[in-house]
Amino acid sequence: MLKKRVIFTLLYDSGSFMLSRNFRLQRVGKLDWLQKNYNFSQIAFSIDELVVLDVSRNERDEEKFCHHVRSLNDSCFVPIAAGGGVRTLDQVRTLLQNGADKVVVNTLLSEDPEVVREISIQYGRQCIVAAVDVKEVNGEFSVWTENGTVQQQIGLAQWLEDLQSFPIGEIYLNSIDRDGTGQGFHIELLDCLPVQAEIPLILAGGAGIPSHLGEGLKNSRADAVATAHLFNFVGNGLQKARIELLDEGFDLARWDVQLANSLEEVLA
Amino acid sequence: MVNVAIFDYGAGNIFSLKNSLEQAGASVDVITSFDQPNVYSGLLLPGVGNFDPAIKSINENSKTQFHDFVKENTPVLGICLGMEMFFEKSEEGVEKGFNVIDGEIIVLPSTMKVPHMGWNNLEIKKPGIILDGVDNGSWVYFVHSYRAKPKFDDVITAESDYGIKVPAVVEKNNFFGTQFHPEKSQTNGLLLLRNFLQDL
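First things first, this report covers the structure right here in the doc. (Residues numbered from 1 in each chain as written. Chains lettered and ligands numbered in written order. Predicted model: local features only at pLDDT ≥ 70, side-chain atom pairs only at ≥ 80, totals over all residues.)

### Description of the overall build of chain A
Here is step 1 of the chain: Across its full length, chain A holds ten helices and twelve strands.
Here is step 2 of the chain: In terms of overall size, chain A behaves like a compact globule, its C-alpha atoms giving a radius of gyration of 18 Å where 268 residues would be expected to give roughly 18 Å.
Here is step 3 of the chain: Taken over the C-alpha atoms alone, chain A extends approximately 55 × 40 × 35 Å along its principal axes.
Here is step 4 of the chain: Burial status across chain A gives 48% buried among its 268 residues. (Helix = DSSP H or I, 4+ residues; strand = E, 2+ residues; numbered from the N terminus. Rg over C-alpha atoms; globule rule 2.2 N^0.38 Å. Buried ≥ 20, exposed ≤ 12 C-beta atoms within 10 Å, placed from the backbone.)

### Describing the overall build of chain B
Here is step 1 of the chain: Summing up its helical and strand segments, chain B has five helices and 13 strands in all.
Here is step 2 of the chain: Scaling as 2.2 N^0.38, a compact globule of 200 residues should have a C-alpha radius of gyration of about 16 Å, and chain B matches this with 15 Å.
Here is step 3 of the chain: Taken along its principal axes, the extent of the C-alpha atoms in chain B is 45 × 35 × 30 Å.
Here is step 4 of the chain: At a minimum sequence separation of 6, the contacts of chain B that also span at least 24 residues come to 70%. (Contact = placed C-beta atoms within 7 Å.)

### What about the environment of A:Tyr123?
Residue and element names in this part refer to chain A.
Here is step 1 of the chain: Among the structural elements, Tyr123 can be located in helix 6 (residues 113-123).
Here is step 2 of the chain: A count of 27 C-beta atoms within 10 Å places Tyr123 in the buried class.
Here is step 3 of the chain: Through-space distance from the C-alpha of Tyr123 to that of Phe23 is 30 Å; in sequence the pair is 100 residues apart.

### Remarks on the sheet that holds strand 13 (residues 175-178) of chain B
Residues and elements named next belong to chain B.
Here is step 1 of the chain: Spatially, eight strands are ordered 2-1-3-4-13-12-11-8 in an open sheet, and the strand pairing comes out mixed. Only two strands of the sheet have a single partner each, and these edge strands are strand 2 (26-31) and strand 8 (123-124).
Here is step 2 of the chain: Two elements, strand 4 (residues 76-79) and strand 13, share four bridges in a ladder whose sense is parallel. What sits directly across from Gly78, in strand 13, is Gly177.
Here is step 3 of the chain: With respect to the sheet, helix 1 (residues 15-23) is in contact with strand 1 (2-7), strand 2 and strand 3 (42-45), its orientation differing from that of strand 2 by roughly 155°. (Pairing = 2+ DSSP bridges. Axes fitted to C-alpha atoms, helices over the stretch in contact; angles between N-to-C directions.)

### Re helix 1 of chain B
Here is step 1 of the chain: Listed in full, the buried residues belonging to helix 1 of chain B are B:Phe15, B:Ser16, B:Leu17, B:Lys18, B:Ser20 and B:Leu21.
Here is step 2 of the chain: The inward-facing, buried residues of helix 1 of chain B abut helix 3 (62-75) and helix 4 (89-97) of chain A together with strand 1, strand 2, strand 3 and helix 5 (186-198) of chain B.
Here is step 3 of the chain: After helix 1 of chain B finishes, the residue B:Gly25 shows a positive phi value of roughly 105°.

### Some words on the pairing of strand 10 (residues 170-175) of chain A
Side chains on a regular strand alternate between the two faces of the sheet.
Residue and element names in this part refer to chain A.
Here is step 1 of the chain: Most of strand 10 is tucked away: six of the six residues are buried.
Here is step 2 of the chain: Where burial is concerned, the two faces of strand 10 agree: the one with Glu170, Tyr172 and Asn174 and the one with Ile171, Leu173 and Ser175 are both buried.
Here is step 3 of the chain: Across six bridges, the pairing between strand 7 (residues 128-137) and strand 10 is parallel. Considered in strand 10, the bridge of Asp133 is made with Asn174.
Here is step 4 of the chain: Note: strand 10 against strand 11 (residues 201-204), four bridges, orientation parallel. Residue pairing across strands places Asn174 opposite Ala204, the latter belonging to strand 11.

### With respect to the packing of helix 4 of chain A against helix 6 of chain A
Between two packed helices, the angle of one axis relative to the other and the distance separating the axes together describe the packing.
All names here are of chain A.
Here is step 1 of the chain: One way to put it is that helix 4 packs onto helix 6 with a least axis distance of 10 Å and a crossing angle of 40°. Classified by the angle their axes make, helix 4 and helix 6 are oblique. Between helix 4 and helix 6 the crossing geometry is right-handed. When helix 4 is examined against helix 6, the residues Leu89, Val92 and Leu96 are found in contact with a partner set consisting of Val115, Glu118, Ile119, Gln122 and Tyr123. (Parallel < 35°, antiparallel > 145°, perpendicular 65-115°, else oblique. Left-handed = near helix turned anticlockwise from the far one by under 90°.)

Any link to function would need more than the numbers given here.
Spelled out as structure tokens, the structure:
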């Protein structure tokens, strides 16, 4: 049967990878920092997928971002979803041509659903990840777009219900309040999902330790969990977290590292 | 060095596939039309997109038919949508498939979350050329909303369990297909691509 997934999210701003806390960004390092601090040739054995988001606060340089997507694709064989500022079919094509398997959209969903439809017609709905950023305002969960700066009028439960009829492949549900805090996921967000939710769901925002990932995976409504924290799982942290989750009996894919090494020798 | 072609029908990421094939030791050309000499030991139909636009893009960009291009029994590896095109037709569209394997493509059951997205294991049914050395139970990466329903089960060499048995690998003569993405399936995928290249 299908396994649950652990996803690593990289936040990119103007050539650097960022640490985010409540959507406020702090520069950490460039691609070489990532490759040095995460063993990239082995990272594929610790995570199921990569999400790479261009969250540049100033003007985006799409060409440079695509170059980074390509480099990430070169160094690890995992599915990659890329996004950030995606508004047109052309942008989607460019991302896919540069090694992304899926694109992440957010603002576009409410701003121009017709383009979302066009993307699904051209590339299939499995290609579209719908990001939903949530913040608690006066005790209500509200939906935010434009890197968490613009509040939408719609409530979370209604938006999640509406999204079920969009031609999308999965939903990336992210808590702005928990983002980067390491306090654990905002599990209550999952209660806003419609009972008959049919679209795979990724829960993000707040994981600080392996058991937080476990709390998300334990919930039957979450198909995957994501962490974007560049320090909580640095070094071999992702690998250790996966081993810990597997030891606790979580149903994650296991890869044969030995086979990988022997194959690498054969191919070398 | 084995020289293979990836047919780019403008539907998504062929970069990872090219990359994986080169890692597995092939030289790779990306072609967008069949109106050229087939100098290749193998052809790959990659995997992302929607049935009708993909078929149309192939038919409209080439005067030469797919069947004519591969008539000297060029081995073809179809991945996901590429495999789906081997069949007669698909519920995803109205265009005709290449019809090199009897059967059709139907939507996954509504009792399951669609798309089927993520890692699932292979249940190997019988030995196959591209499955050589791939263990029963191996993890591979799926992203799809439709599945093959071959007329004859003997073309299925591996399945995967997603509420129902989903044909995961099919082989018929010089046509090889995977519903999952070998180029995203880490070692097991590389092994499978290497098997395909070695058979050329």
